[in-house]
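# Architecture and fold: a report
Spelled out, the chains give:
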Amino acid sequence: MTFTTRFAPSPTGPLHLGHAYSALLGFDMAQASQGAFLLRIEDIDRSRSRSHWEDQIYDDLHWLGLGWRRPVMRQSSRQPAYDAALDRLWSMGLLYPCTCSRRDIQQAASAPQEGAPEFGPDGLIYPGTCRRKVANDRDRPRNCTLRLDIARAIETAAESPPRAPASRVCAGFQETGQGPDGAHGWIDITADDLIHGVGDFVVARKDMATSYHLSVTVDDAAQGVTHVVRGQDLFEATKIHVLLQQLLGLPLPLYHHHRLIRDDAGKRLAKRDDARAIATYRAEGATPQDIRRMVGL
Ligand code: GLU
Ligand code: ZN
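Residues numbered from 1 in each chain as written. Chains lettered and ligands numbered in written order. Predicted model: local features only at pLDDT ≥ 70, side-chain atom pairs only at ≥ 80, totals over all residues. Heavy atoms only, no water.

## Considering the coordination of the zinc ion (ligand 2)
Here the zinc ion (ligand 2) is held by the protein donor atoms Cys 98 (SG), Cys 100 (SG), Tyr 126 (OH) and Cys 130 (SG), which lie 2.1 to 2.3 Å from it. Bound by four donor atoms, the zinc ion (ligand 2) shows angles of 95 to 124 degrees at the metal and therefore tetrahedral coordination geometry. Summarised as a motif, the one-chain spacing of the donors to the zinc ion (ligand 2) is C-x1-C-x25-Y-x3-C. Residue Cys 98 is located in strand β4 (residues 95-98), and its partner Cys 130 is located in the loop between β6 (123-124) and β7 (145-148); the two are separated by 32 residues in the primary sequence. With relative accessibility at 6%, the residue Cys 98 sits in the buried group. Residue Cys 130 is classed as buried on the basis of its relative accessible area of 13%. (Donors = N, O, S within 2.8 Å, 3.2 Å for Na, K, Ca; no water. Tetrahedral: all angles 85-135°; square planar, octahedral: opposite > 155°, others 65-115°. Helix = DSSP H or I, 4+ residues; strand = E, 2+ residues; numbered from the N terminus. Buried < 20%, exposed > 50% of the residue type's maximum accessible area, 1.4 Å probe, protein only.)

Structure representation (structure tokens):
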């Protein structure tokens, strides 16, 4: 199988040094394996995505010396594929509508008997308020938030062909880079990791009709991605993606999570950190080689 990786930025702000590192690393790995480097524009959040940021992504990446296969996949044109995946999960009886506001979730999660609210890769761990006997409606409801009943999903996934031997293990993935704690090699995903560390996560939102986790999983498979190269901040989210792959019968890629580029104070770079935007360095006369040096490549 040809090594295929992708860089998947959201056009919600300027690319900064952290993005440059991710894109250059993925591109270099693809070159070294005579593989393919793909670009995917993650613009499902229509309220924050802007076409001028998308244009600047192309411009910055070209300037860095990167090339990619056309046409570029844009998530805003992928809704039919997300709908098909959601219909499938719905027909498996794994989804339920959730009408909780952020505040409802905060309050329920911090109720005395529940202990302090905890965060997972999908935000505050959902206390299960709207979870109930799976709705029997034949058709998936539209225009509402849908969550995955994670305990049921684990049971269902366990019935599909096992990918790891031990019985407590739900699944796992091969890490060729490093997780935040230095995790490398085969990473087990236990039922406990998912139930207590992730909870019933959102697969579709009222305003988006999909979610980051669902889209990224469906699209990596659709693009034939064999090796996901991305920041360590998404290491925990990979557990969600692997579960979704298993439920949807999608192939399991390898994962390469890389270190994060931090500012001088040790803080992770954010989109609004314009000082470290690639465009700012360009305007100040830096060369692509300077950028490579700055990120340690
Ligand atoms: N679109 C995500 C971001 O901008 C990256 C998704 C991924 O690489 O899986 O952080
Ligand atoms: Zn709810």
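## Some words on the sheet that holds strand β10 (residues 202-204)
A sheet is described by the order of its strands in space; here three strands give the open sequence β4-β7-β10, paired in antiparallel fashion. Each edge of the open sheet is held by one strand with a lone partner, namely β4 and β10. On average, each strand axis in the sheet is inclined to that of its neighbour by 45 degrees, with strand direction left out of account. Of the pairings in the sheet, the one linking β4 to β7 comprises four bridges and is antiparallel in character. Counterpart to Tyr 96 in the pairing with β7 is Arg 147. Against the sheet, helix α3 (residues 79-91) makes contact with β4, β7 and β10, and its axis sits at roughly 105 degrees relative to β4, the strand it touches most. (Pairing = 2+ DSSP bridges. Axes fitted to C-alpha atoms, helices over the stretch in contact; angles between N-to-C directions. Contact = heavy atoms within 4.5 Å.)

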